[in-house]
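# Topology and contacts: notes
The lines below spell out each chain.
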Amino acid sequence: MTTKKSDDQDRVVIKKYANRRLYNTATSSYVTLDHLSQMVKDNTDFVVYDAKTGEDITRPVLTQIIVEEENKGQNLLPISFLRQLIGFYGDSLQGLVPSYLEQAMRSFAHNQEQMREYMQGTMQGIFPFGQFEEMNKQNMALFEQTMKMFSPFLQEEADKANASAEAAKNGKPEKNDASLDDLKSQLEAMQAQLNSLVNNKASK
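Residues numbered from 1 in each chain as written. Predicted model: local features only at pLDDT ≥ 70, side-chain atom pairs only at ≥ 80, totals over all residues. Heavy atoms only, no water.

### Focus: the overall build of the protein
Helix and strand content of the protein: 7 helices and 4 strands. Counting helices and strands in the order they occur from the N terminus, the protein gives β-β-β-α-β-α-α-α-α-α-α. Looking at the protein residue by residue over its 204 residues, the buried ones come to 27%. When contacts within the protein are restricted to residue pairs at least 6 apart in sequence, those whose partners lie at least 24 apart make up 54%. When the accessible surface of the protein is totalled, it reaches about 14,300 Å², and 52% of it is carbon and sulfur. (Helix = DSSP H or I, 4+ residues; strand = E, 2+ residues; numbered from the N terminus. Buried < 20%, exposed > 50% of the residue type's maximum accessible area, 1.4 Å probe, protein only. Contact = heavy atoms within 4.5 Å. Areas by Shrake-Rupley, 256 points an atom, 1.4 Å probe, with all protein chains shown as cover.)

### Things to note about the pairing of strand S1 (residues 12–16)
In this sheet, strand S4 (residues 46–50) lies alongside S1 in parallel orientation, the contact comprising 5 bridges. Counterpart to Val13 in the pairing with S4 is Val47. With 3 bridges joining them, S1 and strand S2 (residues 22–24) adopt antiparallel strand pairing. Its bridge partner being in S2, Lys16 is matched across the sheet by Leu22. (Pairing = 2+ DSSP bridges.)

### Things to note about the environment of Asp50
Of note, Asp50 is situated in strand S4. Once the C-alpha coordinates of Asp50 and Leu22 are considered, the two residues, 28 residues apart in sequence, prove to be 9.5 Å apart. With near-sequence residues (within four places) excluded, Asp50 lies in contact with Lys16, Glu55 and Ile57.

### Concerning the packing of aromatic side chains
For the structure on display, the rule yields 1 aromatic pair. Seen in terms of ring centroids, Tyr23 and Tyr30 are 5.1 Å apart; in terms of plane orientation they differ by 70 degrees. Their pairing is edge-to-face. Positioned above the aromatic ring of Tyr30, the side-chain terminus of Arg21 is 3.8 Å from the ring centre. (Phe/Tyr/Trp six-rings, centres within 6.5 Å; stacked < 30°, edge-to-face > 60°. Lys NZ or Arg CZ within 6 Å of the ring centre and 35° of its normal.)

### A closer look at a nonpolar patch on the surface
A cluster of nonpolar side chains, Ile66, Leu76, Leu77 and Leu82, forms an exposed patch at the surface whose accessible area comes to about 370 Å². Its relative accessible area of 31% is what places Leu77 among the partly exposed residues. (Patch = residues over 30% accessible without salt bridge, like charges linked within 9 Å, V, L, I, M, F, W, Y side chains within 5 Å. Salt bridge = Lys/Arg side-chain N within 4 Å of Asp/Glu carboxyl O.)

### Side note on unusual backbone geometry
Phi is positive for Ser28, which is not a glycine, with a value near 55 degrees. Position of Ser28 among the secondary structure elements: in the loop between S2 and strand S3 (29–31). Phi is positive for Asn43, close to 60 degrees, though the residue is something other than glycine. Looking at the element boundaries, Asn43 is found in the loop between helix H1 (33–41) and S4.

### Observations concerning the sheet that holds S2
Read across the open sheet, the 4 strands follow the order S3-S2-S1-S4; overall the sheet is mixed. Looking along the sheet, the strands with just one partner apiece sit at the ends: S3 and S4. Mean inter-strand twist for the sheet, computed between neighbouring axes without regard to direction, equals 35 degrees. Both S2 and S3 contribute to a ladder of 3 bridges, which runs antiparallel. Bridge assignment links Leu22 to a residue of S3, and that residue is Val31. Where helix H2 (residues 58–71) meets the sheet, it contacts S1 and S4, and its direction lies at approximately 110 degrees from that of S4. (Axes fitted to C-alpha atoms, helices over the stretch in contact; angles between N-to-C directions.)

What is shown is where atoms sit, not what they do.
Here it is as structure tokens:
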């Protein structure tokens, strides 16, 4: 069980009671998930504790906010992505997923202002898809580098793949490990989804 930490003075503390009500200790008022959602968008750091047990329940509360937004029609998570994500639970590569997704979102957030300018800008009514696509490629390259950085295992798998390719050239084919291919397929699937988004906007 995760309980209150000493650095909580730098964060807004939210308490959740048994009746599911959320209490903002900074403003001494009850708040809703919508309020917490806005706090996230305003970059207000907060932590949510179970008022009875003191357990840190920030993660499930944030997950609940995502579910609520999805139910409102704010669909950011493609079904294929959700299926892939669920498939990683219990998988041997499960431990790599949080670091990968965190770095991926950091990279996306880093470029969001430039991407927003591209999407909102006008150039005789033509959307600069080429620059947007190039940025996607750069992000994908960064994601692959991040995976290698966070997981020596992946670097080892890449070395195996290179050794296998070299053996094949010498007429001694080796059995490839499927895990690296699966990860590459995931990256390609994400790229395909981004390309699909761009193409859909171009057709409108």
